[in-house]
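Fold and geometry: a report
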Amino acid sequence: MLRPIINTYIVLTDGSAGDPVGLARALLVMGLVYLVGITATYLQSRLMVNIAQRAVYAIRNDLFSKMQKLPLRCFDNNTTGELMSRYTNDVDTIGDMLNTTLVQIVSGVISVIGTLV
């Protein structure tokens with residue numbers, strides 16, 4: 001947006017003076033576009049964090065329910081710290097994936113669709 005603004009309102013090809021009022025309007029529109037972009041990015045991040053937290057919560061509840069049904073032999077063969085470490089690391093990895101990778105995938109898809117439209 002900056003190049004057309006400069007060519008239209010500051011550096012005119014015919015050598016005449018620029019248009020400060022038009023420049024101010026164009027900069028205001030550009031600022032509004034940036035503001036909408038920032039707001040959309042914030043809302044997208046907020047939404048994805050909420051989705052990721054709910055998904056991780058559900059996964060942790062499912063894991064806890066599953067652990068309650070495991071036979072004692074499973075706990076005898078593995079130390080408690082080892083099992084909890086596996087669960088914690090796996091759930092954290094899934095949460096990180098939902099927070100970062102999924103956001104990038106959704107952003108990329110929206111960008112491609114927006115570019116094609």
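Given the structure is predicted, the values throughout are model-derived calculations rather than measurements.

The next subject is the overall build of the protein. When its secondary structure is counted, the protein shows four helices and zero strands. Ordering the α and β elements of the protein from the N terminus gives α-α-α-α. Here the C-alpha atoms of the protein give a radius of gyration of 26 Å, more than 25% beyond the 13 Å that 2.2 N^0.38 yields for 117 residues. With the C-alpha coordinates aligned to their principal axes, the bounding extent of the protein is approximately 90 × 25 × 20 Å.

With their axes 9 Å apart at the nearest point, helix 1 (residues 2–10) and helix 2 (residues 20–69) run at an angle of 170° to one another. Looking at the two axes, helix 1 sits roughly antiparallel to helix 2. On helix 2, the residues that touch Leu-2, Ile-5, Tyr-9 and Ile-10 of helix 1 are Gly-22, Leu-23, Ala-26, Leu-27 and Met-30. Per-class residue counts for the contact of helix 1 with helix 2 are eight nonpolar, one polar and no charged.

Moving on, we get to a nonpolar patch on the surface. Taken together, the side chains of Leu-2, Ile-6, Ile-10, Val-11 and Leu-27 present a nonpolar region at the surface, about 410 Å² in accessible area. Looking at the nonpolar patch, the element that brings in the most residues is helix 1, giving three residues. On the secondary structure map, Leu-2 appears in helix 1.

With that settled, consider helix 4 (residues 80–116). The first and last C-alpha atoms of helix 4 sit 53 Å apart over 37 residues, in line with the 54 Å expected at 1.5 Å per residue. All of the buried residues in helix 4 are Leu-83, Val-91, Gly-95, Leu-98 and Val-103. Buried residues in helix 4 make contact with helix 2 and helix 3 (72–77).

Let us now look at the pattern of salt bridges. Tallied over the entire structure, the rule returns two salt bridges. Where Arg-60 meets Asp-92, a salt bridge forms, and the shortest distance between an N and an O atom there is 3.3 Å. Of the two residues, Arg-60 sits in helix 2 while Asp-92 sits in helix 4, which places them 32 residues apart along the sequence. A salt bridge links Glu-82 to Arg-86, with the shortest nitrogen-to-oxygen separation between them at 2.5 Å. Of the two residues, Glu-82 and Arg-86 are both situated in helix 4; the distance of four residues between them amounts to about one turn of the helix.

Moving on, we come to helix 2. With 50 residues, helix 2 should cover 74 Å at 1.5 Å per step; its first-to-last C-alpha distance of 73 Å lies within 8% of that length. Looking only at helix 2, the buried set comprises Gly-22, Ala-26, Met-30, Met-48, Ala-52, Val-56 and Met-67. On its buried side, helix 2 packs onto helix 1, helix 3 and helix 4.

Counting through the fold element by element, Leu-12 comes out in the loop between helix 1 and helix 2. Residue classification places Leu-12 among the partly exposed residues on the basis of a relative accessible area of 23%. The spacing of Leu-12 and Asp-90 is 78 residues in sequence and 60 Å in space, taken between C-alpha atoms. Once residues lying within four places of it in the same chain are set aside, the contact partners of Leu-12 are Asn-7, Ala-17 and Gly-18.

The rules we used
- Residues numbered from 1 in each chain as written.
- Predicted model: local features only at pLDDT ≥ 70, side-chain atom pairs only at ≥ 80, totals over all residues.
- Heavy atoms only, no water.
- Helix = DSSP H or I, 4+ residues; strand = E, 2+ residues; numbered from the N terminus.
- Rg over C-alpha atoms; globule rule 2.2 N^0.38 Å.
- Axes fitted to C-alpha atoms, helices over the stretch in contact; angles between N-to-C directions.
- Parallel < 35°, antiparallel > 145°, perpendicular 65-115°, else oblique.
- Contact = heavy atoms within 4.5 Å.
- Nonpolar A, V, L, I, M, F, W, Y, C, P; charged D, E, K, R; others polar.
- Patch = residues over 30% accessible without salt bridge, like charges linked within 9 Å, V, L, I, M, F, W, Y side chains within 5 Å.
- Areas by Shrake-Rupley, 256 points an atom, 1.4 Å probe, with all protein chains shown as cover.
- Salt bridge = Lys/Arg side-chain N within 4 Å of Asp/Glu carboxyl O.
- Expected span 1.5 Å × (residues − 1).
- Buried < 20%, exposed > 50% of the residue type's maximum accessible area, 1.4 Å probe, protein only.

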